[in-house]
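# Architecture at a glance
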Amino acid sequence: RKEVEQDPGPFNVPEGATVAFNCTYSNSASQSFFWYRQDCRKEPKLLMSVYSSGNEDGRFTAQLNRASQYISLLIRDSKLSDSATYLCVVNGGKGSARQLTFGSGTQLTVLP
Amino acid sequence: DGGITQSPKYLFRKEGQNVTLSCEQNLNHDAMYWYRQDPGQGLRLIYYSQIVNDFQKGDIAEGYSVSREKKESFPLTVTSAQKNPTAFYLCASSISGDVTEKLFFGSGTQLSVL
């Protein structure tokens, strides 16, 4: 089983739709969770950290389910500019950022 | 503006040749990283440095070398021992290397083999 698994997609949704991605992780000792956004052939950029209680930033909501070992990202009212690949990032249970594991990404295309 | 600068954007390597990818940051970050990204795969850690003159191997260090002589600079050399170097290479930095910190990435270097 991969340490971090994501559905690669692609997810093609119409503008204004709500879309959700899940990401499962294998290490139950993981402490830190993130969603990064990556545009085609560009660098990843932090979208949001994921907190135990769940957190929201505008149209984006992130949730953590420790019992089932997955995190989710919900995007409401999708915009054309949301089209990108979304990377799930999980640490391996230790304190150093060198232990971060990146998922292979979920590709989203928002259609007009 | 503060940030990370990678160069060149595109690089071509001949068989048996060593090439060096540049990474410079003016964010005053202690920790710097090199990742490799292949199509359809997640980023994989090549090397990591948390302080000047010290660095550690990541998951796929074979065929690569780095140096950290200055805080701002963390160049990556892809040696001839790396048999499959074609990939997108990303340099990143964070304040101290703690797992809770945001990673700042450079814009990447696409390396291809001639």
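See the structure printed just above.
Read on for an overview of the structure. (Residues numbered from 1 in each chain as written. Chains lettered and ligands numbered in written order. Predicted model: local features only at pLDDT ≥ 70, side-chain atom pairs only at ≥ 80, totals over all residues. Heavy atoms only, no water.)

## Topic: the overall build of chain A
Quick reminder of the rule: A run of H or I in DSSP counts as a helix once it spans at least four residues, and a run of E counts as a strand once it spans at least two, with each numbered from the N terminus. Note that the radius of gyration is over C-alpha atoms, with the globule rule given as 2.2 Å times the number of residues to the power 0.38. Burial classes: relative accessible area under 20% of the type maximum marks a residue as buried, over 50% as exposed, and values in between as partly exposed (1.4 Å probe, protein chains only). Here, two residues are considered to be in contact whenever any of their heavy atoms come within 4.5 Å of each other. Note that accessible areas follow from Shrake-Rupley with a 1.4 Å probe, and for residues the cover is restricted to the protein chains shown. Counting rule for charge: Lys and Arg are taken as positive, Asp and Glu as negative, and neither His nor the chain ends is counted. Where a charge lies is defined by one atom per residue type, namely NZ (Lys), CZ (Arg), CG (Asp) and CD (Glu).
Looking only at helices and strands, one finds 0 helices and 11 strands in chain A. Counting helices and strands in the order they occur from the N terminus, chain A gives β-β-β-β-β-β-β-β-β-β-β. Over its C-alpha atoms chain A spans a radius of gyration of 13 Å, differing by no more than 12% from the 13 Å that the globule rule assigns to 112 residues. Counting the 112 residues in chain A, one finds 47% classified as buried. Within chain A, contacts between residues at least 6 apart in sequence are counted, and of these 57% link residues at least 24 apart. A total of about 5400 Å² of accessible surface is found on chain A, and carbon and sulfur atoms cover 47% of it. Placing the 12 positive and 10 negative side-chain charges of chain A at their respective mean positions leaves the two points 7 Å apart.

## Here's the deal with the sheet that holds strand 8 (residues 76-78) of chain B
All names here are of chain B. Stated precisely, the cut-off is as follows: Here, strands pair whenever DSSP counts at least two bridges between them. Fitted lines through C-alpha atoms give the axes, limited to the stretch in contact for helices. The angle between two N-to-C directions lies from 0 to 180 degrees.
Pairing is antiparallel across the open sheet formed by 4 strands, whose spatial order is 1-3-8-7. Only two strands of the sheet have a single neighbouring strand rather than two, namely strand 1 (4-7) and strand 7 (64-66). With strand direction ignored, the average angle separating the axes of adjacent strands in the sheet is 20°. Where strand 1 meets strand 3 (residues 19-25), 4 bridges bridge the pair, whose relative direction is antiparallel. Bridge pairing links T5 to E24 in strand 3.

## Concerning the side chain of B:R68
Residue and element names in this part refer to chain B. Convention followed: Between Lys or Arg on one side and Asp or Glu on the other, a salt bridge is scored when a side-chain nitrogen of the former is within 4 Å of a carboxyl oxygen of the latter. Definition of a polar contact: a pair of N or O atoms within 3.5 Å, with one able to donate and the other able to accept a hydrogen when the atoms are protein atoms, and with sequence-neighbouring residues admitted only if both atoms are side-chain atoms.
Along the polypeptide, R68 turns up in the loop between strand 7 and strand 8. Of the buried charged residues, R68 lacks a salt bridge, with D30 as the closest side chain of opposite charge at 5.8 Å. Of the polar contacts made by the side chain of R68, one reaches the side chain of S49; its length is 2.7 Å. Polar contacts involving the side chain of R68 include one to the main-chain carbonyl oxygen of K70, which spans 3.4 Å.

## Description of the interface of chain A and chain B
Often the size quoted for an interface is simply the accessible area lost on bringing the parts together. Heads up, the condition is: Two parts placed together each lose some accessible area; with a 1.4 Å probe, that loss summed over both constitutes the buried area.
Contacts between chain A and chain B engage 20 residues on the former and 25 residues on the latter. Carbon and sulfur atoms make up 56% of the area that chain A and chain B hide from each other, which totals about 1800 Å². Applying the counting rule to chain A against chain B returns 0 salt bridges. At the boundary of chain A with chain B, the tally comes to 3 residue pairs in polar contact (both at pLDDT 80 or more). Counting residues per element, the ones that place at least two in the side of chain A that touches chain B are strand 4 (33-38), strand 5 (44-49), strand 9 (84-91) and strand 10 (100-102) of chain A. A per-element tally of the side of chain A that touches chain B places strand 4 of chain A first, with 3 residues.

## Structural notes on empty space enclosed by the protein
All names here are of chain A. Quick note on the threshold: Both cavities and pockets are sets of points on a 1 Å grid over the protein atoms alone; in a cavity a 1.4 Å probe fits but cannot get out, in a pocket the set is open with protein on both sides within 12 Å along at least five of seven lines, and lining residues sit with an atom within 4 Å of a point. Grid points are joined across faces, edges and corners, and a volume is the space filled by probe spheres set on the points. The residue classification treats Ala, Val, Leu, Ile, Met, Phe, Trp, Tyr, Cys and Pro as nonpolar and Asp, Glu, Lys and Arg as charged. All others, Gly included, are polar.
Counted according to the given criterion, the structure contains 1 cavity of 30 Å³ or more. As a volume, the largest cavity reaches approximately 30 Å³. Along the walls of the largest cavity sit E3, V4, N27, S30, V90, N91, G92 and T101, which together make up its complete lining. Classifying every residue of the lining of the largest cavity by side-chain character gives 2 nonpolar, 5 polar and 1 charged.

## Here we look at the pattern of salt bridges
One pass over the structure, following the stated rule, counts 7 salt bridges over all chains. Close ionic contact of A:D82 with A:R59 constitutes a salt bridge, the shortest N to O distance being 2.8 Å. Remark: A:R59 occurs in the loop between strand 6 (55-57) and strand 7 (60-65) and A:D82 occurs in the loop between strand 8 (70-75) and strand 9; sequence separation between them is 23 residues. Residue class for A:D82 comes out buried when judged on its relative accessible area of 3%. For B:R36, the salt bridge is made with B:D38, and the minimal N-O distance between the two is 2.9 Å.

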